[in-house]
4 protein chains.
Amino acid sequence: MANTFGHLFRITTWGESHGGAVGVVVDGCPPRLALTEADIQPDLDRRRPGQSRIVTPRRESDNVQIISGTFGGKTTGTPICMLVRNEDARSEAYSEMASKFRPSHADYTYQAKYGIRNWQGGGRSSARETIGRVAAGAIAKKLLREQFDVEVLAYVMQTQRIKACIDPETVRMEEIESNIVRCPDASAAARMIRLIEKTRKAGDTVGGIIGGVARGVPPGWGEPVFDRLEADLAKAMLSLPASKGFDIGSGFNSILFTGCEHNDLFRARKGKVVTTSNRSGGIQGGISNGQTIYFRVAFKPVATVMHEQETVDVEFRNTTLRGRGRHDPCVLPRAVPMVEAMTAMVLADHALRQRAQCEGW
Amino acid sequence: MANTFGHLFRITTWGESHGGAVGVVVDGCPPRLALTEADIQPDLDRRRPGQSRIVTPRRESDNVQIISGTFGGKTTGTPICMLVRNEDARSEAYSEMASKFRPSHADYTYQAKYGIRNWQGGGRSSARETIGRVAAGAIAKKLLREQFDVEVLAYVMQTQRIKACIDPETVRMEEIESNIVRCPDASAAARMIRLIEKTRKAGDTVGGIIGGVARGVPPGWGEPVFDRLEADLAKAMLSLPASKGFDIGSGFNSILFTGCEHNDLFRARKGKVVTTSNRSGGIQGGISNGQTIYFRVAFKPVATVMHEQETVDVEFRNTTLRGRGRHDPCVLPRAVPMVEAMTAMVLADHALRQRAQCEGW
Amino acid sequence: MANTFGHLFRITTWGESHGGAVGVVVDGCPPRLALTEADIQPDLDRRRPGQSRIVTPRRESDNVQIISGTFGGKTTGTPICMLVRNEDARSEAYSEMASKFRPSHADYTYQAKYGIRNWQGGGRSSARETIGRVAAGAIAKKLLREQFDVEVLAYVMQTQRIKACIDPETVRMEEIESNIVRCPDASAAARMIRLIEKTRKAGDTVGGIIGGVARGVPPGWGEPVFDRLEADLAKAMLSLPASKGFDIGSGFNSILFTGCEHNDLFRARKGKVVTTSNRSGGIQGGISNGQTIYFRVAFKPVATVMHEQETVDVEFRNTTLRGRGRHDPCVLPRAVPMVEAMTAMVLADHALRQRAQCEGW
Amino acid sequence: MANTFGHLFRITTWGESHGGAVGVVVDGCPPRLALTEADIQPDLDRRRPGQSRIVTPRRESDNVQIISGTFGGKTTGTPICMLVRNEDARSEAYSEMASKFRPSHADYTYQAKYGIRNWQGGGRSSARETIGRVAAGAIAKKLLREQFDVEVLAYVMQTQRIKACIDPETVRMEEIESNIVRCPDASAAARMIRLIEKTRKAGDTVGGIIGGVARGVPPGWGEPVFDRLEADLAKAMLSLPASKGFDIGSGFNSILFTGCEHNDLFRARKGKVVTTSNRSGGIQGGISNGQTIYFRVAFKPVATVMHEQETVDVEFRNTTLRGRGRHDPCVLPRAVPMVEAMTAMVLADHALRQRAQCEGW
């Protein structure tokens, strides 16, 4: 069950970094949604290695194939299987990984858990697994847009100490995509790019924070008590490689306020209920309140560095290891579509759950 | 499915603030675990209202009854149903809630979702729902302790701006329970208690951060890719009332490091693999690595304040509302056993999953 | 997970024959359904021991209490917990069961599985567990009736060799309830009652077949490929105590036909698609086709007989055992509401699933 | 969720009759099981069209490719994706199906449910979907054999009125595979083959009964109350295309016995508990008792006949349709590996569940 996410809009991913292919099965997508590869590929291109000078140069075209679940360009309600072949797999670059555990990677824990591991490029723990998520997320985004008028966006808010200034209420996709780091604050973006390039040259890596936003979510999505919208978002985000933290609305900063200061006051406006502030981040009691949903996700600096580091080998002997292969100096630009994808899948799932239980009579 | 948590160690809670009772069904607990009410009650007493001068004075003895699933003082492998009767339910204190939505509460979103709500004391959105979690968590903690030699603890790390100094490797239950705020740093605890008392007198509320720790978890618990240990912990924590954020290990602070600085280096020690630092928080690639697991959970200031605030009524007309009833000036002391309970349930679930898939041959 | 049934209309049962109580949590019931104990009790009375001279004389009033999930006489969308106290529990009648395994009962297998068992009255394997199902089923039936205009019925078709003549298209609840064996064919019913009385006097037991019917199900409920409507019905029925077989539509008799003879031909009638025969039993490809759904469930003769039989004790030594206690000579009359309940829950679940995926745009 | 089966040994199938491929993802298979395509292909060859003169002549080599989840010829604990390309897809043979609903097929119900359908060869409702099940079942069978010493078999028991004489305790795979109808009673098999050939020439079809057997299952597999072993088997079997009924042990015939006659008496033998008869079919109270598990599955005559039959078109107008394309005159020979596969997956799932909850301390 570990490779499945969602209840009603449900995906199952499979595949390893250097196996034949990676992919996903989407089960539960409503029928009659127009869907071709052209709806999926753009998000995969945003996730693709080699897309700019600040990401890994591994060459993968990452062309997606829809091999089931559509007919005449529309979804049929049956499972949608999508597949991307692995191409530029230089296993030789990873041969040292057969016998040594990379620090702060999953090599050791996979070995400890399963007693076996596919060491080529990290195998299943490689971020190539997220191809399936991004492909499925593209469907969820289209479903949300066309069937529910909901827009999902993500963007880079902070890289190491460089903070951007972004308004979740108004930020637009064009602004995010206007630079290679995917930060809609152009001035901060320029500094971030310089930092990442400098870091890459030093053989080192940096982390940062991605912001996620969903606009247009009607009141009523999300479920008490365990499947709160923010709980499902938190799980979704912490399931992404290299993520270390999540907060919603005022988040960790909420603790600096008193209750009187922090509360979002309700006001009636044109027959609707709105709030005069949005520290709740659009969710109250686990359920959307109609305001913009926004949250943050922290990503640690990438673990693969081009320096020699102490580690142990598979025989549990001390040794050292120096990063090789083609790696990202910063995961953020490529993680933006992943955050969008996971957000969209959580929302699509809850949209269908809301429809099942609470609508229709 | 929204009221169920876990896969193999699975709980379902039910009940409202002012209904007849609240409770939980635990399904999947291994058989032959010694279990009586005496194993459960202490944790409920730590969660109980009226336990000290810094929590709500609502009087509930919260006596738990095990009504199925044990025989001769031992679990039988069948579902364990536990129940706590509601006693001191002064519904009249809440009558204004019938017609007005409390700011930053779940009143409005429940109404928007379901078209109906039990407005007495917040109904299902009341923190009384967590009684079932704490009761189930007490079983999970006992199972982890007796069957897996794992210890789970939680404690208050920060209240508003008052930070405690705590070492997750060595902190002990006696230290946590040595004061009413459940902060093991005695000096910080004293200041926190003064802050909470002062805040209560002002009719206001404060939030803060709870730390969670699991020691003794062997390498191999947790599952790629969606059911990563930290992802399930994140969901568990964000499902708690008033929680706003979660991070694991270095968490949000990880972004201040470079990869070279941040990596946890492996070393062989007495035939085991250890790390020289623990920024990973005991989890790598979603799987435990044998080091101490530690994380933080942010809780916002309680929304119920004893001041008049703007809001709307159920007819969507502007109005005001002043908090009444008996409420907590700070959720932290009573949330400590909740964090422990959720942590223990996540770990118990993964312990059984690991046993199912990877052990036994 | 073993004690939970359903996905969107989901129930969890708990409780043992002689514990304090048995009950159920219903999660996912739509909000705003009028619901009080008066909606539940009639079905429990049909399942109750002591209701007639052909069932066990155990005295249980089986009064149900709704302890959560409703407000002002309506469902709120939150989990509905219902509970029935055990009353007439003469444990002494079962003391021999502590040391001996009853033939064709679950005593041995529970012991083998769990290494422990509640031997009082069969513990969890007692048919008292079905109280929770019947209570939940009463809600599902009401939901189907009021929200989807679907009627669910069950009746005794055959007792040992006595077969009734019943038309699933027209059979009515009043006919079923017109006699204590719940067979709508009065003449067959009279013979069945005589057979059961004679069998009871002989200290023996008999089995038979229950028919189930659902009328008014619209085309489109049920899901390919694993959650076919007939697959979920089959699981539901085989989960009932003492059931040994299930078939849908023409069922086992389908094999006597050729394809040409067996096919249900489609015809257009008043803008709708109907079939000229209904060997499919209202389901094609796992999905309802708008015709009446009907199926059969075989129940073996009750295992507890008032004769000495060979068996083994808990030390695995050969011994003998003679049935004691108060038991049913025939499970059929009391199983009728159980079949209805399980049918209604399967249909309610699929009604919500259909709404989630395929409706609403 | 409809395309997923199992909890701990969990499969998800996808694909249509004439899409690019059909396949399956197996999640939860234990690591370190030796596995290559050579373990899978033999069962696919038993399911393959064109294998003999009594099955459809559609030419499909059905070569399976494992595209994830193994490394160095062993499972890694990560999801195993397997894929078979569709080859001989003569869509033109089905063009009439675009506008007409085939009687007793799923064309109409898919259209009613989804408002769209892939009409080529039945799309998702085609039996080609079972390729994924048979491939996954081959893994489950290997796991059961190697890790639990359990053997799973299925065979044809009856074709129309021709009954075979088979002992589930002793029947062997070689006997089953010794003839093209997969009936281990050679004399009955010869008559069955003649019947099927005669029926095919007449453009008609026949149905029958397949028996399933599992030997070596230890006491303790299966779970009360909903996930009884026979309940999960019933669901598994009724999810197979063309199946109409299931019974376990004495099944529908149990009703001809009295309780005294029907009970399986326990006896101690060499420190083990055995039964002197096996009307229970190896399962009591939903849990295996150590005896041989055996059951029956009824399959209706194939719906596609080479005769003109009345039906309606997609505009709901009366019309006629004559079967074309290449179809099976009898589903039984090819359904035998499907029954084995589903049986093996149910057992593998329960083996892991038993290990999770009840073993290990």
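If you're wondering where the values come from, they're calculated on a predicted model, not measured in any experiment.

Our next topic: the overall build of chain A. A tally of regular secondary structure across chain A gives eight helices and 18 strands. The C-alpha atoms of chain A give 21 Å as radius of gyration, which agrees with the globular expectation for 361 residues (21 Å, within 12%). In terms of principal-axis extent, the alpha carbons of chain A reach across some 65 × 50 × 35 Å. Taken over 361 residues, chain A has a buried fraction of 68%. Restricting to contacts in chain A with at least 6 residues of sequence separation, those with at least 24 account for 70%.

A separate point is the relation of the copies chain A and chain C. Overlaying chain A on chain C yields an RMSD of 0.0 Å, the required transformation being a rotation through 180° with an accompanying axial translation of 0.0 Å. When the rotation and shift are considered jointly, the pair of chain copies conforms to a two-fold rotation axis. Among all residues of chain A, the minimum C-alpha distance to the rotation axis is found for Ala 356 of chain A, at 2.2 Å. The share of interface residues of chain A whose copies in chain C are also at the interface is 100%, consistent with both copies meeting through the same surface.

The interface of chain A with chain B comprises 92 residues on the first partner and 92 residues on the second. Class assignment of the residues belonging to the side of chain A that touches chain B gives a composition of 39 nonpolar, 35 polar and 18 charged. Taken together, the three bridges between strand E11 (residues 243–248) of chain A and strand E11 (residues 243–248) of chain B define a ladder with antiparallel strand orientation. The residue of E11 of chain B that forms the bridge with Asp 247 of chain A is Gly 245 of chain B.

Bringing the environment of Asn 86 of chain A into the picture now. Residue and element names in this part refer to chain A. Tracing the sequence through the fold places Asn 86 in the loop between strand E7 (80–85) and helix H2 (107–114). As for Asn 86 and Arg 59, which are separated by 27 residues in sequence, their C-alpha atoms are 9.7 Å apart. Leave out the neighbours within four places in its chain, and Asn 86 touches His 18, Gly 19, Gly 20, Ala 21 and Val 22.

Rotating chain A by 180° about the axis while translating it 0.0 Å along that axis superimposes it on chain B, leaving an RMSD of 0.0 Å. In this assembly, 100% of the residues forming the interface of chain A have copies in chain B that are likewise at the interface, indicating an isologous arrangement.

Pairing is antiparallel across the open sheet formed by five strands, whose spatial order is E1-E2-E3-E7-E4 (chain B). Strand pairing shows two members of the sheet lacking a second neighbour, strand E1 (4–5) and strand E4 (64–66) of chain B, which therefore form its edges.

Residues and elements named next belong to chain C. Read across the sheet, five strands follow the order E1-E2-E3-E7-E4 without closing on themselves; strand pairing throughout is antiparallel. Of all the strands in the sheet, just strand E1 (4–5) and strand E4 (64–66) have a single pairing partner and so form its edges. Bridging between strand E2 (residues 10–15) and strand E3 (residues 21–27) involves six bridges; their strand directions are antiparallel. Across the sheet, the residue bridging to Ile 11 is Val 26, located in E3.

This part takes up the packing of helix H1 (residues 37–47) of chain A against helix H3 (residues 130–148) of chain A. All names here are of chain A. Two numbers describe how H1 lies on H3: the axes approach to 9 Å, and their chain directions differ by 135°. If you check the angle between H1 and H3, you find them oblique. The handedness of the crossing between H1 and H3 comes out as right-handed. For the pair H1 and H3, contact is made by Asp 39, Ile 40, Asp 43, Leu 44 and Arg 47 and by Thr 130, Ile 131, Val 134, Ala 135, Gly 137, Ala 138 and Lys 142, respectively. Residue composition of the contact of H1 with H3, by class: six nonpolar, two polar and four charged.

What follows concerns unusual backbone geometry. Residues and elements named next belong to chain A. With an omega of 0°, the peptide bond running from Pro 224 to Val 225 counts as cis. In this fold, Val 225 is placed in the loop between strand E10 (208–215) and helix H6 (229–238). Even without being glycine, Asp 149 reaches a positive phi, approximately 60°. Inspection of the secondary structure assignment puts Asp 149 in the loop between H3 and strand E8 (151–159).

Next up on the list: the interface of chain A and chain C. Taken together, the contact pairs 17 residues of chain A with 17 residues of chain C. With six residues, helix H8 (residues 332–358) of chain A is the single largest residue contributor to the side of chain A that touches chain C. Broken down by class, the residue content of the side of chain A that touches chain C amounts to eight nonpolar, six polar and three charged.

Residue and element names in this part refer to chain A. Mapped onto the elements of the fold, Ser 52 is located in the loop between H1 and strand E4 (64–66). Between the C-alpha atom of Ser 52 and that of Ile 166, which follows or precedes it by 114 residues, the distance is 23 Å. Apart from residues no more than four positions distant in its own chain, Ser 52 is found in contact with Ile 180 and Pro 333.

This next bit is on the pairing of strand E10 (residues 208–215) of chain D. The side chains of a regular strand alternate between both faces of the sheet. Residues and elements named next belong to chain D. Of all eight residues in E10, seven are buried; the element is thus mostly enclosed. Both strand E8 (residues 151–159) and E10 contribute to a ladder of eight bridges, which runs antiparallel. Note on E10: the bridge partner recorded for Leu 153 is Val 213. With seven bridges joining them, E10 and strand E16 (residues 293–299) adopt antiparallel strand pairing. Considered in E16, the bridge of Gly 212 is made with Phe 295.

Attention now goes to helix H3 (residues 130–148) of chain C. All names here are of chain C. In a regular helix each residue adds 1.5 Å, so 19 residues correspond to 27 Å; H3 covers 25 Å between its end C-alpha atoms and thus fits that length. Of all the 19 residues making up H3, 15 are buried; the element is thus mostly covered by neighbouring parts of the structure. In the segment just after H3, Asp 149 is the residue with positive phi, at about 60°.

With that out of the way, let us pick up the packing of helix H6 (residues 229–238) of chain D against helix H8 (residues 332–358) of chain D. Residue and element names in this part refer to chain D. Between H6 and H8, whose axes approach to 9 Å, the crossing angle comes to 145°. H6 and H8 meet at a crossing whose hand is right-handed. In this structure, H6 uses Leu 229, Asp 232, Leu 233, Ala 236 and Met 237 to contact H8, whose residues at the interface are Val 339, Met 342, Thr 343, Met 345, Val 346 and His 350.

Reading the values: rules and limits
Residues numbered from 1 in each chain as written. Chains lettered and ligands numbered in written order. Predicted model: local features only at pLDDT ≥ 70, side-chain atom pairs only at ≥ 80, totals over all residues. Helix = DSSP H or I, 4+ residues; strand = E, 2+ residues; numbered from the N terminus. Rg over C-alpha atoms; globule rule 2.2 N^0.38 Å. Buried ≥ 20, exposed ≤ 12 C-beta atoms within 10 Å, placed from the backbone. Contact = placed C-beta atoms within 7 Å. Least-squares fit on C-alpha atoms with pLDDT ≥ 70 in both. Nonpolar A, V, L, I, M, F, W, Y, C, P; charged D, E, K, R; others polar. Pairing = 2+ DSSP bridges. Axes fitted to C-alpha atoms, helices over the stretch in contact; angles between N-to-C directions. Parallel < 35°, antiparallel > 145°, perpendicular 65-115°, else oblique. Left-handed = near helix turned anticlockwise from the far one by under 90°. Expected span 1.5 Å × (residues − 1).

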